[in-house]
Amino acid sequence: MVLGGLQLNRGRKVDSKTYVRRHLILVVGGILLIAGLFFNRPRRLVPSASAIVDPAVGSNAAANPPLTEAATIINTQTPLSTAINTLRCLTTPGCYPKSRCSDDTPPMKISVKNWWEEQSFCTNDLIDERGDATSKGKDSVDDGCLVYSFGINSSTEWEEKMATVFGCEVFAFDPTSNFPTEVAPGVTFHKLGLQGVGTDISNTHSALYDALDPAKLLTLFEIVSMLGHEGRQIDILRMDCEGCEYGVLKQLACGGQSKIVSQLMVELHFQKNLGLSNDDDIIIAGDAFECLEKEGWGIASMEDAKCAKEDEEYTPSALKIIKTINFLLFLTMKRDSPAKPPTIKYDTYKRIPEQNWNRGKRSVT
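A brief look at the structure comes next. Predicted model, so just to flag it, every value in this text is computed and none were measured.

Take the pairing of strand β10 (residues 261-269) next. Across the nine residues that make up β10, a large majority, nine, are buried. As paired strands, strand β9 (residues 234-239) and β10 are joined by five bridges and run parallel to one another. Directly across from isoleucine 236, in β10, lies its bridge partner glutamine 263. The parallel pair β9 and β10, bridged by helix α7 (residues 245-253), forms a crossover whose chirality is right-handed. Across seven bridges, β10 lies against strand β12 (residues 327-334) in antiparallel orientation. Paired with glutamine 263 across the bridge in β12 is lysine 334.

Right, here's the structure in full:
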């Protein structure tokens with residue numbers, strides 16, 4: 001470009017001012033051309049630290065990891081990440097909403113021989129809602145408290161005490177047990193199990209016993225109809241059904257039917273063969289407790305327990321939820337008398353970095 005300008009001047013007379021002006025324009029143009037080539041060179045596009053997220057839990061990377069060319073922006077609003085967040089919150093004291101007993105007394109246990117069947121619940125609620133437990137003065141059976149207990153295994157001691165101490169009408173269920181229909185005064189047994197939505201419970205069972213017979217599994221609403229209890233309040237729904245709990249709770253809460261129950265007493269299982277066999281099961285579990293929260297349910301009592309060593313096997317997603325390798329959880333929930341807001345904000349909990357998780361380390365098959 002400069003050479004071309006010089007060639008144009010060959011053989012022509014120009015005054016000195018014009019000569020200087022032309023060459024100054026050429027020099028400035030050259031500088032601008034070089035600057036443009038430098039500043040428009042290809043550059044790496046690197047996302048900001050706030051855009052880098054943990055794909056497993058859907059949270060911002062709290063530790064601000066070093067950025068590399070491999071860093072990508074990940075959409076965390078997936079059903080799986082939401083479900084994992086919900087279940088991690090559920091298993092962390094102070095995160096999920098709380099509830100309290102109607103008279104503000106702490107939940108209590110009924111003493112039984114098998115200590116692992118002792119689970120805290122709001123005992124006084126049965127008296128407050130139905131009258132004096134020892135002298136109800138009820139005119140019909142519908143005035144008494146109603147208890148459904150699923151997964152009684154080999155003992156009905158807890159169910160019998162619910163009948164004798166509180167005067168409740170108790171129905172006990174287990175598809176793997178054999179008892180007479182009239183187990184004890186006030187306690188009726190049915191060789192049936194629960195089937196929730198989304199999971200085939202006949203394929204979930206402890207390594208300690210055989211698979212369940214699908215013909216012996218009914219939904220909660222089918223059982224209510226079979227027993228003629230439509231319109232009656234279930235004062236306590238107790239479930240130790242080896243994984244059926246998540247589908248049952250989702251059917252209740254996400255279907256807007258949880259009001260038929262006053263208290264939930266649930267043994268939550270997180271093992272691969274006890275209900276959380278894949279990511280779809282975890283999504284069902286997360287949905288259940290999301291819906292329960294929306295329906296106004298809170299935790300009245302939460303107690304850690306241990307599963308059998310033979311059942312200590314988990315999916316990768318379940319390992320992000322559990323606290324220990326043999327983790328079980330006894331949970332009692334109530335719908336009324338909401339407690340104060342949780343001490344840990346839900347959104348804050350979601351951002352707990354992965355390195356702070358207290359989880360099992362067993363390899364997953």
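So much for the structure itself; the text now carries on.
Before going further, it helps to examine the packing of helix α3 (residues 79-90) against helix α8 (residues 279-294). Relative orientation of the contacting elements α3 and α8 amounts to 60°, with a least axis distance of 8 Å. As the angle between them shows, α3 and α8 are arranged oblique. Remark: the crossing between α3 and α8 carries left-handed chirality. Along its contact with α3, which presents Pro79, Leu80, Thr82, Ala83, Ile84, Thr86, Leu87 and Leu90, the element α8 presents Asp279, Ile282, Ile283, Ala285, Gly286, Phe289 and Glu290. In terms of residue class, the contact of α3 with α8 is made up of 10 nonpolar, three polar and two charged.

Attention now moves to the packing of aromatic side chains. Ring pairs (aromatic) are described by centroid distance and by the angle formed between their planes. Overall, the coordinates contain nine aromatic pairs when judged by the stated rule. With a centroid separation of 6.1 Å and an interplanar angle of 70°, the aromatic rings of phenylalanine 121 and tryptophan 158 are classed as edge-to-face. Of this pair, phenylalanine 121 sits in the loop between α3 and α4 (123-130) while tryptophan 158 sits in helix α5 (residues 157-166), and the two are 37 residues apart along the sequence. Just as phenylalanine 121 is buried, tryptophan 158 falls in that class too. Seen in terms of ring centroids, tyrosine 148 and phenylalanine 171 are 6.1 Å apart; in terms of plane orientation they differ by 75°. Their pairing is edge-to-face. Placement of the pair is tyrosine 148 in strand β3 (residues 146-150) and phenylalanine 171 in strand β4 (residues 169-173), with a sequence separation of 23 residues. Of the two residues examined, tyrosine 148 and phenylalanine 171, each falls in the buried class. Cation over ring: arginine 238 sits above tryptophan 158, and NZ or CZ is 4.2 Å from the ring centre.

Counted by the stated rule, this structure contains seven salt bridges. Across the pair aspartate 104 and arginine 100 runs a salt bridge whose closest N-O atoms are separated by 3.0 Å. The residue glutamate 313 makes a salt bridge to lysine 272 at a minimum N-O spacing of 3.9 Å. Within this pair, whereas glutamate 313 is found in the loop between β11 (298-306) and β12, its partner lysine 272 is found in the loop between β10 and α8, the two being separated by 41 residues in sequence. Residue classification places glutamate 313 among the partly exposed positions, given a relative accessible area of 31%. Lysine 272 sits in the partly exposed class, given a relative accessible area of 26%.

On to the side chain of glutamate 295. Relative to the helices and strands, glutamate 295 is located in the loop between α8 and β11. This buried residue, glutamate 295, is left without a salt bridge; arginine 335 holds the nearest opposite charge, at 4.6 Å. Here the side chain of glutamate 295 touches serine 258 through a polar contact of 2.7 Å, side chain to side chain. Beyond its immediate sequence surroundings of up to four residues, glutamate 295 is in contact with Ala253, Gly256, Gln257, Ser258 and Arg335.

The rules behind these values
Residues numbered from 1 in each chain as written. Predicted model: local features only at pLDDT ≥ 70, side-chain atom pairs only at ≥ 80, totals over all residues. Heavy atoms only, no water. Buried < 20%, exposed > 50% of the residue type's maximum accessible area, 1.4 Å probe, protein only. Helix = DSSP H or I, 4+ residues; strand = E, 2+ residues; numbered from the N terminus. Pairing = 2+ DSSP bridges. Right-handed = clockwise from strand over helix to strand, strands pointing away. Axes fitted to C-alpha atoms, helices over the stretch in contact; angles between N-to-C directions. Parallel < 35°, antiparallel > 145°, perpendicular 65-115°, else oblique. Left-handed = near helix turned anticlockwise from the far one by under 90°. Contact = heavy atoms within 4.5 Å. Nonpolar A, V, L, I, M, F, W, Y, C, P; charged D, E, K, R; others polar. Phe/Tyr/Trp six-rings, centres within 6.5 Å; stacked < 30°, edge-to-face > 60°. Lys NZ or Arg CZ within 6 Å of the ring centre and 35° of its normal. Salt bridge = Lys/Arg side-chain N within 4 Å of Asp/Glu carboxyl O. Lys, Arg positive; Asp, Glu negative; His and termini not counted. Polar contact = N/O pair within 3.5 Å; in protein donor to acceptor, adjacent residues only side chain to side chain.

No statement about biological role is implied by the geometric values presented.
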